[in-house]
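Architecture and fold: a report
Okay, here's what each chain looks like letter by letter:
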Amino acid sequence: MTVFIIRRLLQSIVVVFLMSLLVFVGVNVVGDPVDMLINPEADQAEIERVIRHFGLDKPLHIQYGHFLLNALNGDLGKSFIFGMPALKLILMRMPATLELAFSALILAVLIGIPLGVYAGLKSKAKVSRTIMAGSILGFSLPTFWVGLMMIMVFAVMLGWLPSTGRGETVLVAGIELSFLTLDGLSHLLMPALNLSLFKMSLVIRLARAGTREVVHQDYMKFARAKGLSESRLIFVHLMKNILIPVVTVLGLELGGLIAFSVVTETVFAWPGMGKLIIDSIHLLDRPVVVAYLMIIVLMFVIINLIVDVLYSILDPRVRLQDMKT
Amino acid sequence: MEVLQNEDGRTEKFSKPDPPLQRFLENFFESKVSTGAFAVLLLILILGLFAPLISPTDPYDLAQVDVMDSRLEPGSKSYTGMTYWLGTDGAGRDLLSAILYGLRTSLSVGVLSGLIALAIGGAFGLIAAYFGGKVETLIMRVVDIQLGFPAILVALVLVALLGKGVDKIIVALVVVQWAYYARTVRGSALVERRKEYIEAATCLALSHQRIVFRHLLPNCLPPLIVVGTLQTAHAISLEATLSFLGIGLPITEPSLGLLIANGFEYMLSQRYWISFFPGIALLITIVSINLVGDQLRDVLNPRLQK
Amino acid sequence: MPQPTLDVRNLQTHFFTRDGVAKAVEDVSFSLGSGEVLGLVGESGSGKTVTGFSILGLVDPPGEVVGGEILFKGRNLLKLSEEEMRNVRGNHLAMVFQDPMMTLNPVLRIDTQMIEAIQAHQKVGTDVARERARDALGKVGIASPDERLRAYPHQFSGGMRQRVAIAIALLNQPELIIADEPTTALDVTIQGQILHEVQRLCRETGTALIWITHDLAVVAGLAERICVMYAGRIVETGSVDEVLDRPLHPYSKGLIESVPSHNQRGRRLNQIPGMTPSLLSLPEGCAFRTRCPIADVECRRLPSLHEAETERRIFCHHPQRETA
């Protein structure tokens, strides 16, 4: 087990290293680093200061060393627009994104699992067919367009929900949270639902497939033969069996939600780091873009690592297989 | 009875278990839904291909666009008496024409990037499966790492680094997709490779090229077609998303995503159609491709065949 | 004569498939009293398992019990509501399944699966239920039951799992246990142990037992009476000794003669010609007639289950005729 974790850890470090190399090459070789890292409006003295700071006058491999060293120290450059360290800027926006992503994840589970289990139990019923048709739509619908349509219906036409922003927030341990106030919650609902739609379809499919497989197992019939109630059959015997794969997949999908929040945040003007990156790309605020890329890569590697390790704990067979190879 | 069995045995040994075209078509069109989806898809392809001939106006010919006609509701008439069936956008363009042109752009970017990704990914997959060993480990590690990141993120990174432009979007979409093709091809090529006829071909000292292209590749086709269809839908959706975010195609090549983005600002003033209709066009395109892809998967999957 | 524990009358269970109606159980009648052991014998697909599931009300769609009565201590189970039936299942009437590797839920601990079976029928605390579960495990010969209660099914061998399943069946002291080939999937040595264990437990508690099997040797040592099933119907019933020694139905005869035994060494085994017919296209009249060595024109007519001798019923037009 320890060997497994250490190996995965080493792999992750290699991935982060490779990605940093990729970003570095992208910034310094494909583009002009002076352009990328220096505010176009800077004067000559400022330009020279930055060139010295990043060592842009030195050979490439030394520059890369500098870049890495700076990155390790948390220095990923200063935002042209906000005039503050890019890293700090992103970390400030991160809670909003995480709140959105987790809300979407919870919605996907809370809505997706019951619908999927129902569709699996009564696969011939009309309602089930509707659910499955809905999940196909959920896979096909472009997220941003659904977001627009939601705004049009619920904000513009019906006027039920606000279309932009986070609303009133509460400060908890130095982090602003929307879901604790009614106003914040009303702002959160549409973006979270929009972001969760795709994952919800996935959960529905997984839950339905799992249910259909499990209900025909002998142990379900045996459980019925014991005289258990229908609710115990479904909520204990069935649920526990389908939850393991669903949870594993969802863990992996959390990263996807954070990445996809770029789209939802743009549509709903949700002030998270996804909206920040898009704005920064538009405004050519390159240090923020570079910092975002490094942070999101790091986040992904960590999520993948955690899920891998968790999965190997849940399923001993995976661990053994991996040890052999 | 015995004779029949012998013949059965012989045909099985010497011919590939590839279903004949006719049976494939029969199976495919068995379902009404997928037949309908196929018809719709065909219609969409024709509309996209012949957009310049079909559409009532050329939305990008400034001489034909009148700003006085901007933001007209669906069904309104222009000064010249022409009906704008789907209304006009903020610049006074006929939305129907804009959608047809946008469809053309979206489809060509999606299909082109798909084909290039298929060629590159397919080649890497075949190489991995055929040569095995360190080459395979290296290629598949890269594939695994890339597939660990969501497509939108990879595309975002690339667009942020490369900048805007049709060629750059295509590069980004190819990079996003190649790994799926590589994994698919390697998977089915590995299964084929273990079969005896490949061993026989190797014993006959056929060249690598011949074995790969005449024997391995044809057997990877069914899953490739399925993955290809579904990936194309995915690519079209991704391109639309990037264009909507304003980091995809330039304004000179407006795809459906950009049309939707353009309508965003007018939507808050209840002018829904500028975003709504391009979205419907996008939706129909993606759903019909997905339905066709799903049916292809069911029909081409040997495990599901009776 | 006291009221029998179970009295099945003219049971019919049909499966409504896309290709037609499969009459998996057709006109099946039998009864057994308290503490009695009945062997239900037949090839796979003869309807014996479906008979078991029909009694418990566990026939899944497209299957359906379409006729007959299942009187359990005088109550017709087919007339009970779902909730009443749930209370009978696992409480008065228990079942042990064929494949022990599949009958226990892999993600739930043994104690969970045992305690819930008790609490489904009696309002007892978890501590009391756990104690009873532990005692039940001890009774079926599982060492250190306290420790084993906290284990997951995959930590048990096949034989051990079947013991657990039997312990679960015994938990609420049911009046009847239906055992569906519980030893078929096990090693021969384990088979003997389980068989012995079940026999002892039923004798101790006075539980009636229906033992479903295709293995005549098992029935010979265990059951008092036997029902032979073929293509959904009972073709012969009687005491075990009489049916095994002197089968009257040509199918029973064929079945018994196809079992290898010591005194037949060197002789060719008799086998029943042909294959079990599909339930969707049974031959008209007697379903066995296409494989029967003594069939004639009369067999195109459906025979009736009639008393051939005392306590001996048979479903054949020519029960006495020599087969050779």
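Everything here concerns the structure above.
We now turn to the structure provided with this report. (Residues numbered from 1 in each chain as written. Chains lettered and ligands numbered in written order. Predicted model: local features only at pLDDT ≥ 70, side-chain atom pairs only at ≥ 80, totals over all residues. Heavy atoms only, no water.)

**What about the sheet that holds strand S10 (residues 233-239) of chain C?**
Residues and elements named next belong to chain C. Read from one edge of the open sheet, eight strands run S6-S7-S8-S3-S9-S10-S12-S11, paired in mixed fashion. This sheet does not close on itself; its edge strands, each paired only once, are strand S6 (93-96) and strand S11 (305-309). Pairwise comparison of adjacent strand axes, ignoring direction, gives a mean angle of 20 degrees for this sheet. Bridge count between strand S9 (residues 225-230) and S10: six bridges; the pairing is antiparallel. Across the sheet, the residue bridging to Met229 is Ile234, located in S10. (Pairing = 2+ DSSP bridges. Helix = DSSP H or I, 4+ residues; strand = E, 2+ residues; numbered from the N terminus. Axes fitted to C-alpha atoms, helices over the stretch in contact; angles between N-to-C directions.)

**Here we look at the interface of chain C and chain A**
Each side of the interface is counted separately: chain C has 25 residues, and chain A has 17 residues. A buried area of about 2000 Å², summed over both sides, lies between chain C and chain A, and 59% of it is on carbon and sulfur atoms. Our enumeration of links across chain C and chain A arrives at four salt bridges. Of the charged contacts in the structure, one is a salt bridge between A:Lys226 and C:Glu116, with a shortest N-O distance of 2.8 Å. Where chain C touches chain A, the interface holds 14 residue pairs in polar contact (both at pLDDT 80 or more). Secondary-structure elements contributing two or more residues to the side of chain C that touches chain A are helix H1 (48-56), S6, helix H3 (100-103), helix H4 (110-119) and helix H7 (158-170) of chain C. The dominant element in the side of chain C that touches chain A, judged by the number of residues it contributes, is H4(C), at four residues. The residue inventory of the side of chain C that touches chain A, partitioned by class, reads 15 nonpolar, six polar and four charged. (Contact = heavy atoms within 4.5 Å. Buried area = accessible area lost by both parts, 1.4 Å probe. Salt bridge = Lys/Arg side-chain N within 4 Å of Asp/Glu carboxyl O. Polar contact = N/O pair within 3.5 Å; in protein donor to acceptor, adjacent residues only side chain to side chain. Nonpolar A, V, L, I, M, F, W, Y, C, P; charged D, E, K, R; others polar.)

**Considering the packing of helix H5 (residues 86-121) of chain A against helix H11 (residues 273-282) of chain A**
Residues and elements named next belong to chain A. Relative orientation of the contacting elements H5 and H11 amounts to 130 degrees, with a least axis distance of 7 Å. Viewed along their axes, H5 and H11 adopt a mutual orientation that is oblique. Counting all contacts with H5, which are made through Leu89, Ile90, Arg93, Met94 and Thr97, the residues of H11 involved are Met273, Gly274 and Leu276. In terms of residue class, the contact of H5 with H11 is made up of five nonpolar, two polar and one charged. (Parallel < 35°, antiparallel > 145°, perpendicular 65-115°, else oblique.)

**A look at the packing of aromatic side chains**
Counting across every chain of the model gives 12 aromatic pairs over all chains. When the centroid spacing of 6.0 Å and the interplanar angle of 35 degrees are considered together, the rings of A:Trp145 and B:Phe276 count as tilted. Here B:Phe276 lies in helix H12 (residues 273-300) and A:Trp145 lies in helix H7 (residues 143-157), a pairing that spans two chains. Where C:Phe53 meets C:Phe97, the ring centres are 5.6 Å apart and the plane angle is 70 degrees; that geometry is what we call edge-to-face. Of this pair, C:Phe53 sits in helix H1 while C:Phe97 sits in the loop between S6 and H3, and the two are 44 residues apart along the sequence. What makes C:Phe53 buried here is its relative accessible area of 12%. Taken together, the ring pairs in this structure connect A:Trp145, B:Phe276 and B:Phe277 into an aromatic cluster. When the ring centre of C:Phe53 is taken as reference, the NZ or CZ atom of A:Lys221 above it lies at 3.7 Å. Above the plane of the ring of C:Phe156 lies C:Arg148, whose end atom (NZ or CZ) is 4.4 Å from the centre. (Phe/Tyr/Trp six-rings, centres within 6.5 Å; stacked < 30°, edge-to-face > 60°. Buried < 20%, exposed > 50% of the residue type's maximum accessible area, 1.4 Å probe, protein only. Lys NZ or Arg CZ within 6 Å of the ring centre and 35° of its normal.)

**Digging into the nonpolar core**
A:Phe144 and A:Tyr292 are the most contacted members of the largest nonpolar core, which totals 155 residues. Two domains each donate at least three residues to this core, and these are domain 1 (2-72) and domain 2 (87-324) of chain A. Apart from the residues within four sequence positions on either side, A:Tyr292 is in contact with A:Ile90, A:Val262, A:Met273, A:Ile277 and B:Leu156. The next biggest cluster of nonpolar side chains, apart from the first, holds 94 residues, and it includes C:Val41, C:Ile110, C:Leu176 and C:Leu195. (Core = buried A, V, L, I, M, F, W, Y, C linked by side-chain atoms within 4.5 Å. Domains from an automatic or database assignment.)

**Things to note about the sheet that holds strand S1 (residues 6-17) of chain C**
Strand pairs in the sheet, formed through backbone hydrogen bonds, run parallel or antiparallel to each other. All names here are of chain C. With antiparallel pairing, the four strands of this open sheet are ordered in space as S2-S1-S4-S5. A strand with exactly one partner marks an edge of an open sheet, and here the two such strands are strand S2 (20-32) and strand S5 (75-76). Bridge count for S1 against strand S4 (residues 63-72) is eight bridges, and the pairing is antiparallel. Along S4, the bridge assignment pairs Val8 with Ile70. Sitting on the sheet, H1 is in contact with S1, S2 and S4, with an inclination near 110 degrees to S1.

**A closer look at a nonpolar patch on the surface**
All names here are of chain B. On the surface, a nonpolar cluster with roughly 1000 Å² of combined accessible area is contributed by Leu21, Leu25, Phe29, Phe38, Leu42, Leu45, Ile46, Leu49, Phe50, Leu53 and Ile54. Taken together, the elements giving at least two residues each to the nonpolar patch come down to helix H2 (21-28), helix H3 (32-49) and helix H4 (51-54). When residues in the nonpolar patch are grouped by element, the largest group, five residues, is from H3. Mapped onto the elements, Leu45 comes out in helix H3. When its relative accessible area of 39% is taken as the criterion, Leu45 is described as partly exposed. (Patch = residues over 30% accessible without salt bridge, like charges linked within 9 Å, V, L, I, M, F, W, Y side chains within 5 Å. Areas by Shrake-Rupley, 256 points an atom, 1.4 Å probe, with all protein chains shown as cover.)

**Some thoughts on the pattern of salt bridges**
It is possible for side chains of opposite charge to pair when their charged atoms get near one another. Residue and element names in this part refer to chain C. Scanning the model with the defined rule gives 24 salt bridges over all chains in all. The partner of Glu82 in a salt bridge is Arg89, and the shortest N-O contact between them spans 2.9 Å. Arg312 is the partner of Glu236 in a salt bridge, and the nearest nitrogen-oxygen pair spans 2.6 Å. One end of the pair, Glu236, is in strand S10; the other, Arg312, is in strand S12 (residues 312-315), with 76 residues separating them in the sequence. The exposure class of Glu236 is buried, given its relative accessible area of 0%. One network of salt bridges, in which partners are shared, links Arg163, Glu197, Arg200 and Glu204.

**Points about unusual backbone geometry**
Residues and elements named next belong to chain C. In this structure, Pro62 follows Pro61 across a cis peptide bond, with omega equal to 10 degrees. Relative to the elements of secondary structure, Pro62 occurs in the loop between H1 and S4. Positive phi is not limited to glycine here, since Ser144 has a value of about 40 degrees. Tracing the backbone through its elements, the reader meets Ser144 in the loop between helix H5 (126-139) and helix H6 (145-149). The class for Ser144 is partly exposed, based on a relative accessible area of 40%. Unusually for a residue other than glycine, Glu181 sits at a positive phi of about 45 degrees. With respect to the element layout, Glu181 can be found in the loop between strand S7 (176-180) and helix H8 (188-205). Taking relative accessible area as the criterion, Glu181 reaches 5% and is therefore assigned buried.

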